[in-house]
Amino acid sequence: LNTCFRMPLRTMMLSSLRVVIILVLRLVCAAVAGSVPGPGDGLWRPIAPEAVGLDGPTLWKAANEVAADLPPRNCWAVIRGGFLVHEEYYGGAGPATKYEADSAAKTAIALVMGVAWTKGLFDLDTPLAVYGVKPLATFTDDPRSMQYWPLLTTRHVLAQASGVGQWPPGKNFTYSSGNGIQHLERLLAVVTGSEDTTLWATENFAKPMGVPGLFIADGPQLSAGGGQLVSCRCLARIGQLLLNKGAWKRADGEGFELVSERYIDMMTSPSIPSLTAGYGFLLWLGFPGPTAKNVYCRWGSTPGCGAIVEEPTNFYKLDRRMYLAPGWMGKLLIVFPDDDLVVVTLGNTAVGSARCDMRYGTSSSDDSYAFMVVFSRLRETLRLAARAQPLVVQGSSVADSNPEQPKQDLSLGPLAHGDASPTAPAALGAPADAAGAQGRGSCTCYCAPDQGFGSCFAAPLGATGDEDCKDFGAVAGPMCPLVGLVQECETYNLTALQLNRAAAHAGPGAGEVLDACSPASQDGSMECHLVRGCEGGKSPLGLETYSTACVCQTKWVACTYASSPCIAADPYTPLVPLPLGGLTHETSSGISRTDAGGWESAAVLTFGAFALVGRVVSPLSAERDGTDDLSAVAYAQF
């Protein structure tokens, strides 16, 4: 379709016959699903994979292999030609079930900035200071960092090369999810004249995209670091907009330019080529060829992690261009522009590789290895896409409504929070005010590993610090979603010195444990079950390696005290009412009781065995992302 729409008219001068052929082709293209591929501000239109050159059983096989490789998965969606050709949901989830996207949502933020740039509101290479943007803590903590502030531009921030106040802008790749990237929101506030940047982003981006509730939990200040709540179908819209080079369509089918094609070209090209070839505007890039310089995103403090590594050789043998928006714990939006293909998979999986060993701590993760596991399972699908004939689909063959979807189980799904998101967002309402709880502080318990979602409890009367909140940790832990730990078995590329350092980092004896359960088993906070060992077989990448997988249920988490009360409607750390009579459980010092403070709840909570049922956070908006019903936010999984 995109090829049809971009055929240059000057070629028609070659011959009158060619003129007729091209005009006919353009008329055919215009009749297929409107002038612009994708759902516009309406619903995704499903179609059989075979209608767009793919194969249903092959897609089903790939989805199930990824689910086995990277447990637990929550959802999977494949888009081609602007149509929804395949999706899978796990654990009873459905099309409207949402999950916290973490950094995968950064790509949406880049597109919001693209809308503003397309409107002519700012220049990419004009310093932020010229617009009157005030520096955030990143550039004010150290007096020396102020020398770099007058040099910082929007291009630097979008390229993750701000220097975060420690280096000159544009000279180092300095990935930021906090104050460094939040300068984008501050610029948006200045150039739009509105401190409610979330409202501006909603009206000018989210609503036209068909996901009006995308930023609803951000509060008045847009979270530039990501962390928004999304479904697989929602993220797929972001990928489709990239394929469309910024073109979108309204409800009546009329196409329009939401983001400039020139901006999309810059976003999907190396933003600062002298710095790295593998990053555009808040978007990772991959290129084929044995000498291609690809960037591998690996996080953490263990050997091989904690660095954005650019290597001159194509280690994973990528054979086509791709755009990648990864989020913490195995959340992936993948776009193959030359194959007109978008793939989304969301889960709650920490992934370690031979080059970034996760077994010494779950705070380490290799997003590039997670991508390549998915890529390897898509090889046959991509082969079919590459040889498929140009897409021509009759409008009458496409259903106008969604196919029957699995019944939704709203007890599934993680919600994590980007660290740049404002606290106590006004959009979520006032703090909880119930009998006996007014004026009391709160105990907030975040799920592991290193996630920004969890539960909030009214603090005991007289509480003053974290010590007063520790009893809630064993209640909040089992309410967290299941955690998957996947580790490539072979450590062929780590030297003996690196392995020794890793063992020292983890503590005595940790280096002897060779399965994925080891990092979560060290402090007893999780109960883990090995679902796949390292015995035999090859990895999905075809190397002489294999991965071990473990699925864990959290037993307890750390909780922190705050003098402010819980925000009842906060989808990231929602208020958990205690049963009448309070919370009673056994501790090392005997039986303790936490005052319920007058809370009443109809929820079924069996605190004695810490077997809490899942709960549903009230719908936040009437989004039309995949169903005609109000969208639902899922929280806990068991």
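Note: the structure precedes this text.
The shown structure was predicted, so the numbers you read here are calculated from the model rather than taken from an experiment.

Here's the deal with the environment of Ala137
With respect to the secondary-structure elements, Ala137 resides in the loop between α4 (106-118) and α5 (154-158). Once the C-alpha coordinates of Ala137 and Gly165 are considered, the two residues, 28 residues apart in sequence, prove to be 9.0 Å apart.

Some details on the sheet that holds strand β12 (residues 341-347)
Strand order in this open sheet of 6 strands is β2-β1-β12-β11-β10-β7, and the pairing throughout is antiparallel. Across the chains shown, the open sheet's two edge strands, defined by having one partner strand only, are β2 (83-89) and β7 (284-286). Sheet twist, expressed as the mean angle between neighbouring strand axes with direction ignored, is 15 degrees. Relative to strand β10 (residues 322-327), β7 runs antiparallel, the two being bridged by 3 bridges. Each residue of the ladder has a partner; that of Leu285, found in β10, is Tyr323. Packing against the sheet, helix α3 (residues 56-69) makes contact with β1 (73-80), β2 and β12, and its axis sits at approximately 150 degrees to β1. Lying on the sheet, helix α8 (residues 232-243) is in contact with β1, β2, β10, β11 (331-336) and β12; it crosses β12 at an angle near 150 degrees.

With respect to the packing of aromatic side chains
Evaluated as defined, the whole model comprises 10 aromatic pairs. Summarising the aromatic geometry, the rings of Tyr263 and Phe281 are spaced 5.5 Å apart at their centres and angled 55 degrees between planes, so their arrangement reads as tilted. Here the residue Tyr263 occupies a position in helix α9 (residues 261-267), and Phe281 occupies one in the loop between α9 and β7, the gap between them amounting to 18 residues. In this structure, Tyr263 and Phe281 share a single accessibility class: buried. On the numbers, 5.9 Å between centres and 25 degrees between planes, the contact of Phe371 with Phe375 is stacked.

A look at unusual backbone geometry
For the peptide bond that leads from Pro71 to Pro72, omega is -10 degrees, which places it in the cis range. Locating Pro72 in the fold gives a position in the loop between α3 and β1. Note the cis peptide between Ala448 and Pro449, where omega equals -5 degrees. Relative to the helices and strands, Pro449 is located in the loop between β15 (442-446) and β16 (454-458).

Considerations on the packing of α4 against α8
Contact geometry for α4 and α8: axes closest at 10 Å, N-to-C directions at 50 degrees. Classified by the angle between their axes, α4 and α8 sit oblique to one another. Classified by chirality, the crossing of α8 by α4 is left-handed. In this structure, α4 contributes Thr107, Ala108 and Leu111 to the contact, and α8 contributes Ile238, Leu241 and Leu242. Its residues assigned to classes, the contact of α4 with α8 shows 5 nonpolar, 1 polar and no charged.

Considering the pattern of salt bridges
The full count for this structure, using the stated rule, is 17 salt bridges. The salt bridge partner of Glu203 is Lys207, with a shortest N-O separation of 2.7 Å. Of this pair, Glu203 and Lys207 are both found in helix α7 (residues 197-209), 4 residues apart, which corresponds to roughly one turn of the helix. Look at Glu203 and you get partly exposed, because its relative accessible area is 38%. Across the salt bridge formed by Arg320 and Asp339, the nearest N and O atoms sit 2.8 Å from each other. Pair noted here: Arg320 is in the loop between β9 (307-311) and β10 and Asp339 is in the loop between β11 and β12, with a separation of 19 residues, a long-range link. Accessibility assignment for this pair places Arg320 and Asp339 in one class, buried. By sharing partners, the salt bridges in this structure join Lys61, Glu65, Asp69 and Arg377 into a single network.

What to know about the state of the cysteines
Each disulfide consists of a covalent bond between the sulfur atoms of two cysteine residues. Overall, the coordinates contain 6 disulfides when judged by the stated rule. Note that Cys75 is cross-linked by a disulfide to Cys232, the S-S spacing being 2.3 Å. Sign of the S-S torsion, about 85 degrees for the bond between Cys75 and Cys232, identifies this disulfide as right-handed. Pair noted here: Cys75 is in strand β1 and Cys232 is in helix α8, with a separation of 157 residues, a long-range link. Each member of the pair, Cys75 as well as Cys232, is classed as buried. A disulfide bridge connects Cys528 with Cys552, and the sulfur atoms are separated by 2.1 Å. In this structure the cystine formed by Cys528 and Cys552 twists about its S-S bond by roughly 105 degrees; its chirality is therefore right-handed. Here the residue Cys528 occupies a position in strand β18 (residues 526-532), and Cys552 occupies one in strand β19 (residues 547-554), the gap between them amounting to 24 residues. There is no split in this pair, since Cys528 and Cys552 are both buried. Take Cys234: it sits in no disulfide, and the sulfur closest to it among the cysteines is that of Cys232, at 10.0 Å. Classification of Cys234 as buried rests on a relative accessible area of 5%.

The rules behind these values
- Residues numbered from 1 in each chain as written.
- Predicted model: local features only at pLDDT ≥ 70, side-chain atom pairs only at ≥ 80, totals over all residues.
- Heavy atoms only, no water.
- Helix = DSSP H or I, 4+ residues; strand = E, 2+ residues; numbered from the N terminus.
- Pairing = 2+ DSSP bridges.
- Axes fitted to C-alpha atoms, helices over the stretch in contact; angles between N-to-C directions.
- Contact = heavy atoms within 4.5 Å.
- Phe/Tyr/Trp six-rings, centres within 6.5 Å; stacked < 30°, edge-to-face > 60°.
- Buried < 20%, exposed > 50% of the residue type's maximum accessible area, 1.4 Å probe, protein only.
- Parallel < 35°, antiparallel > 145°, perpendicular 65-115°, else oblique.
- Left-handed = near helix turned anticlockwise from the far one by under 90°.
- Nonpolar A, V, L, I, M, F, W, Y, C, P; charged D, E, K, R; others polar.
- Salt bridge = Lys/Arg side-chain N within 4 Å of Asp/Glu carboxyl O.
- Disulfide = S-S within 2.5 Å.

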